[in-house]
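The chain contents come next:
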Amino acid sequence: MSYDDDHAVLEAILRCAGGDERFLLSTVEEWGPARITAALVDELLFRCEIPQVGGEAFVGLDVLHGTDRISHVLQVTDGKPVTSAEPAGQEPGAVLEFTLSDLLRELFGPASGRTAGAFGVSFLPDLRGPRTMEGAALAARATNVVLHATTNETPPLDRLALRYESDKWGGVHWFTGHYDRHLRPLRDQAVRILEIGIGGYDDLLPSGASLKMWKRYFTRGLVFGVDIFDKSACDQPRVKTLRGRQDDPEFMRRVAEEHGPFDVIIDDGSHINAHMRTSFSVMFPHLRNGGFYVIEDTFTSYWPGYGGHPEPGARPDTALEMVKGLIDSLHYEERPDGAATADYTARNLVGLHAYHNLVFLEKGVNKEGGIPHTVPREPFWNDN
């Protein structure tokens, strides 16, 4: 299947995962249980932690839909990513059994709080004897790796950054705590995430780390990345890369029109101040209310090579000077000419959170009416 086909299936899955059973089943019938199951298995493999099971084991996965039984076998090897194996090639030590409906909801539905009843498990009879206790324990550990990946529990964001080797935590930056503080309320929603800057420059191998991190963090999300280099090798289910310049307004508008509106937009691109300002002015209108526009690496506002200046305020066109001006925009209703002169950003910016080299801009309806005229504009006491 092409990326577009995969994407269409996943869009359908995300739409139905939080709906009622009739809607879910009609979606399965529309796309076919085998195709839906294949997408679920891809997601399951992606979510599996690198196993520490003490050997190699095979775990069967049987997905039931009506009279259909769709069988997969997963290879769980110590220290290696979990992969698919040919069902006919290996006899699994244990078999997990889900209905298609339950597996779909477990992977992509809202958190249910359910702790049991979604699956069945059986071990091969010859693993139950006293001489095969070691084999049974290995099969149990391997089964746990797969089962844990089906739950709605998501590992902490700093762990995910380390797992996928994103620089948002450890060594260079310590951003994940701030991200988790602001984005945690969105992680159970069917969100769209855009990150400008995929990493790796023109080398494909180390790039796409943050995209995979966001894919795992937002278990019901679609993740898009923009870069000036071709990063299509990073495309996978729920992750799409787009090639273009962040300082090209027409390109960025096309990204928004074709793939937005977005719930989170992250600028981790060129870090050139003019580029950061252009991206914000074009893309902020394509952010949903309640979403966040995030600007990383604001230290370049002090670096002349990126269009900055070591003296604060010496250049009015840096990213940080833009952010400082947005504090005034937040309070446009309190200024005498504010209501008349307020632009789109002022009327739709409800929060600004600045951290070391990181800024979160929160979008919403900024129209509270201002401070009433009944409140005195001068102190009612006299200090003299």
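All residue numbers refer to positions counted from 1 along the written sequence of the respective chain. Where local features are concerned, this predicted model is filtered to residues with pLDDT of at least 70; where side-chain atom pairs are given and counted, the filter is 80 or more; whole-chain, interface and lining totals use all residues. For side-chain calculations, the full set of non-hydrogen atoms in the structure is used, while hydrogens and water are omitted.

Asker: Honestly, the overall build of the protein chain in this entry has me stumped. Any pointers?
Answerer: Under the scheme used here, helices are H or I runs from DSSP no shorter than 4 residues and strands are E runs no shorter than 2 residues, and both carry numbers assigned from the N terminus. Each helix and strand counted, the protein chain has 13 helices and 14 strands in total. Summarising its shape, the C-alpha atoms of the protein chain cover approximately 90 × 45 × 45 Å along the three principal directions. Categorising residues by exposure relies on relative accessible area from a 1.4 Å probe, with only protein chains included: less than 20% of the type maximum marks a residue as buried, more than 50% marks it as exposed, and the intermediate range marks it as partly exposed. Across the 384 residues in the protein chain, those meeting the buried criterion constitute 48%. Throughout, a residue-residue contact means that at least one pair of heavy atoms, one from each residue, lies within 4.5 Å. In the protein chain, once contacts between residues fewer than 6 apart in sequence are set aside, the share between residues at least 24 apart is 67%. Calculation of accessible area relied on Shrake-Rupley with a 1.4 Å probe; when residues are assessed, cover is drawn exclusively from the protein chains displayed. Within the structure as shown, the protein chain displays about 18,900 Å² of accessible surface, and the carbon and sulfur contribution to it stands at 53%. We count Lys and Arg on the positive side and Asp and Glu on the negative side, and we leave His and both chain ends out. Each charge is placed at NZ for Lys, CZ for Arg, CG for Asp and CD for Glu. With 38 positive and 56 negative side-chain charges, the protein chain shows a spacing of 2 Å between the two charge centroids.

Asker: For this particular structure, what's the right way to read the layout of surface pockets?
Answerer: By volume, the largest pocket amounts to about 830 Å³. With 3 residues, the top contributor of residues to the lining of the largest pocket is helix H8 (residues 209-217). Basically, the charged four are Asp, Glu, Lys and Arg, the nonpolar ten are Ala, Val, Leu, Ile, Met, Phe, Trp, Tyr, Cys and Pro, and anything else, Gly included, counts as polar. The residue inventory of the lining of the largest pocket, partitioned by class, reads 12 nonpolar, 15 polar and 8 charged. Note on definitions: the grid is 1 Å and covers protein atoms alone; a cavity is a set of points where a 1.4 Å probe fits but cannot get out; a pocket is an open set with protein on both sides within 12 Å along at least five of seven lines; lining residues have an atom within 4 Å of a point. Grid points are joined across faces, edges and corners, and a volume is the space filled by probe spheres set on the points.

Asker: Would you mind going over the sheet that holds strand S2 (residues 68-77) with me for this structure?
Answerer: Strands belonging to one sheet form pairs held by backbone hydrogen bonds; the direction of such a pair is parallel or antiparallel. The strand order across the open sheet built from 5 strands is S3-S2-S1-S4-S5, with neighbouring strands paired in mixed fashion. Of all the strands in the sheet, the pair left with one neighbour each is strand S3 (83-85) and strand S5 (120-123). Pairwise comparison of adjacent strand axes, ignoring direction, gives a mean angle of 30° for this sheet. Being paired, for any two strands, means DSSP has found at least two bridges between them. Looking at chain direction, strand S1 (residues 56-65) and S2 are connected through 10 bridges and run antiparallel. Bridging across to S2, Glu 56 finds its partner in Thr 77. Each of S1 and strand S4 (94-99) touches helix H4 (residues 100-108); the most contacted strand, S4, lies at about 90° to it. The angle between two axes is taken between their N-to-C directions and runs from 0 to 180 degrees, where each axis is a line fitted to C-alpha atoms and a helix contributes only its stretch in contact.

Asker: Please clarify how the packing of aromatic side chains should be interpreted in this entry.
Answerer: Each pair of aromatic rings is reported with the distance of its centres and the angle of its planes. Stacked, edge-to-face and tilted are the three classes for Phe, Tyr and Trp ring pairs, Trp counted by its six-membered ring, which pair at centre distances within 6.5 Å; planes under 30 degrees apart are stacked, over 60 edge-to-face, the rest tilted. Evaluated as defined, the whole model comprises 16 aromatic pairs. Arranged with centres 5.3 Å apart and planes meeting at 70°, the rings of Tyr 179 and Phe 360 form a pair that is edge-to-face. Highlighted residues: Tyr 179 in helix H7 (residues 176-183) and Phe 360 in strand S14 (residues 358-363), separated in sequence by 181 residues. With relative accessibility at 0%, the residue Phe 360 sits in the buried group. Geometrically, the ring pair formed by Tyr 217 and Phe 218 is edge-to-face, given 5.0 Å between the ring centres and 90° between the ring planes. According to the relative accessible area criterion, Tyr 217 is buried, its value standing at 0%. By relative accessible area, which is 0% here, Phe 218 ends up buried.

Asker: Got a minute to help me understand the packing of helix H10 (residues 273-283) against helix H11 (residues 319-330) in this structure?
Answerer: Describing two packed helices takes the angle between their axes plus the distance from one axis to the other. Taken N-terminus to C-terminus, the directions of H10 and H11 make an angle of 40°; their axes are 8 Å apart at the nearest point. Put simply, H10 runs oblique to H11. On the side of H10, the interface is formed by Asn 273, Met 276, Arg 277 and Phe 280, while H11 contributes Ala 319, Met 322 and Leu 326. Looking at side-chain class alone, the contact of H10 with H11 contains 5 nonpolar, 1 polar and 1 charged residues. Orientation categories follow fixed angle ranges, with anything under 35 degrees roughly parallel, anything over 145 roughly antiparallel, 65 to 115 roughly perpendicular, and all other angles oblique.

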